[in-house]
Amino acid sequence: MRTELVSEPGDPNRPNEDFASVGLPASGQGGSLIVLDGVTPPRGETGCLHPVPWYTARLGGALTELTVSCRDLTLAEILSRAITRTSEAHSATCDLSHPRTPQATVVLARWSPQEIEYLVLSDSALLVESPAGEVTAVLDDRLSRLPRAARATDTLIDATLRNKEGGFFTAAADPSVAERAVTGTLPRAEVHALAALTDGATRWVEKFGKGDWAECLALVRKEGAAELVSRVRALERADAETRTYLRRSKTHDDATVVYVELRAAAFAAPV
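First, a word on what this report is: a plain description of the structure on this page. What you see is a predicted model; the values in this text were computed from it and never measured. Along each chain, the written sequence defines residue order, and numbers are assigned to residues from 1. The predicted nature of this model means local features are confined to residues of pLDDT at least 70 and side-chain atom pairs, given and counted, to a pLDDT of 80 or more, with totals for whole chains, interfaces and linings taken over all residues. For side-chain calculations, the full set of non-hydrogen atoms in the structure is used, while hydrogens and water are omitted.

Describing the overall build of the chain
Note on conventions: DSSP H or I runs of at least 4 residues are helices, E runs of at least 2 residues are strands, and numbering of each starts at the N terminus. For the chain, the count of helices and strands is 7 helices and 10 strands. Once the C-alpha set of the chain is aligned to its principal axes, its extents read approximately 60 × 45 × 35 Å. Counting every position in the chain, which comprises 271 residues, the buried fraction comes to 48%. By the convention used here, residues are in contact when the closest approach between their heavy atoms is within 4.5 Å. Long-range pairs, those at least 24 residues apart, make up 70% of the contacts in the chain between residues at least 6 apart in sequence. Just so you have it, the chain exposes about 12,400 Å², and 51% of that area is on carbon and sulfur atoms. Within this scheme the basic residues Lys and Arg register as positive and the acidic residues Asp and Glu register as negative, but His and the chain ends are omitted. For the purpose of locating charges, the reference atoms are NZ of Lys, CZ of Arg, CG of Asp and CD of Glu. Looking at the chain, you have 30 positive and 37 negative side-chain charges, and the mean spots of the two groups are 3 Å apart. The buried label goes to any residue with under 20% of its type's maximum accessible area, the exposed label to any with over 50%, and the partly exposed label to all in between, with areas taken from a 1.4 Å probe on protein chains only. Calculation of accessible area relied on Shrake-Rupley with a 1.4 Å probe; when residues are assessed, cover is drawn exclusively from the protein chains displayed.

Laid out in structure tokens, this is it:
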């Protein structure tokens, strides 16, 4: 099994709000990957004493432990439990009902000798490659499908769209949001590799249009996750003055890529 993880802050003077991990149980039978993209709040009140990296570290740590140790739970059940655990850690000091309480996008994948389970919530991406080289992007595209007018201001988004029916959902303080995630299961034999990317890394496809999802995964496999992030940074710098591609987006965003190449030998029965 080959695994690779790269996470780079958008601004070296600010903490990275992403979280990433790969879990490999001691049994050698299966594993999991986790990628979170912390949602940077606009300036102003959030109702919470804690910064976004505190939240993603807590939620990511809980997800890492639960995906490895609780094989009897679905990924949606695991996300629900992890959100509950994280909320309980600061409910006594913070207003968790605030729409800007710390929150994150989520990508989870877990594999066994028989199957691959996946979960995607909000605008990070999971790429799934078949043994034949076909690549499928598992996306939660609710945010991108909303009319631009509905997303005109942060106040309007918070009042009408954020974690609301008809809008989009992120992992925040309400565990029931796990039911809104895009989930599924695939036979293990139909998956050769997985790649999870935050939207700071998916810019190579979604913002700059330098290739499709298959070309993106091929770049990561052949040249490494760090090379994808490096190319995104070069494109961002070139666009900094004209704002041709990023427009209202921040010039640099935290960028995280986790790549896992699954091989049959990794699942051989112990002797």
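Here's the deal with the sheet that holds strand β8 (residues 182-187)
A pair of strands is treated as paired once DSSP finds two or more bridges between them. Strand order in this open sheet of 5 strands is β2-β3-β4-β5-β8, and the pairing throughout is antiparallel. Bordering the open sheet on either side are β2 (18-23) and β8, each of which pairs with just one other strand. Taking each pair of neighbouring strands and ignoring which way they run, the sheet shows an average axis angle of 5°. Here β2 pairs with strand β3 (residues 31-38) via 6 bridges, running antiparallel. The residue bridging Ala-20 from the neighbouring strand is Val-35, located in β3. Geometry is summarised by axes, namely lines fitted to C-alpha atoms with helices restricted to the contacting stretch, and by angles between N-to-C directions that run from 0 to 180 degrees. This element, helix α1 (residues 52-69), spans β2, β3 and β4 (104-111) of the sheet and lies at about 165° to β3.

Observations regarding helix α6 (residues 213-223)
Taken residue by residue, α6 has Trp-213, Cys-216, Leu-217, Ala-218, Leu-219 and Val-220 as its buried positions. N-cap assignment for α6: the residue whose side-chain oxygen lies 3.2 Å from the backbone N of Ala-214 is Asp-212. At the C-terminal side of α6, Gly-224 shows a positive phi close to 100°. Under the rule applied, a polar contact is a pair of N or O atoms within 3.5 Å (in protein, one hydrogen donor and one hydrogen acceptor; residues adjacent in sequence only if both atoms are side-chain atoms).

Regarding the side chain of Glu-4
Position of Glu-4 relative to the elements: it lies in strand β1 (residues 2-8). For Glu-4, the side chain forms a polar contact with the side chain of Arg-2, separated by 3.1 Å. With residues up to four places along the chain from it excluded, the contact list for Glu-4 reads Val-220, Gly-224, Ala-225, Ala-226, Val-257, Val-258 and Tyr-259.

Brief notes about unusual backbone geometry
Phi at Ser-122 is positive, roughly 75°, even though this residue is not glycine. What makes Ser-122 buried here is its relative accessible area of 4%. Although it is not a glycine, Asn-163 sits at a positive phi angle of roughly 55°. Relative to the helices and strands, Asn-163 is located in the loop between α4 (154-160) and β8.

So, the pattern of salt bridges
Any Lys or Arg side-chain nitrogen located within 4 Å of an Asp or Glu carboxyl oxygen qualifies as a salt bridge. By the definition in use, this model includes 18 salt bridges. Arg-142 is paired through a salt bridge with Asp-140; the nearest N and O atoms lie 2.8 Å apart. Comparing Arg-142 with Asp-140 shows no difference in burial state: the two are buried. Linking Lys-250 and Asp-253 is a salt bridge whose minimum nitrogen-to-oxygen distance equals 3.7 Å. For Lys-250, a relative accessible area of 39% corresponds to the partly exposed category. Salt bridges here are not isolated pairs; linked through shared partners, they connect Glu-8, Arg-203, Arg-233 and Glu-236.

Re the environment of Arg-14
In this fold, Arg-14 is placed in the loop between β1 and β2. A relative accessible area of 45% places Arg-14 in the partly exposed class. The spatial distance from the C-alpha of Arg-14 to the C-alpha of Arg-43 is 15 Å, given a sequence separation of 29 residues. Non-local contacts of Arg-14, meaning those with residues more than four positions away in its chain, are made with Pro-9 and Thr-40.

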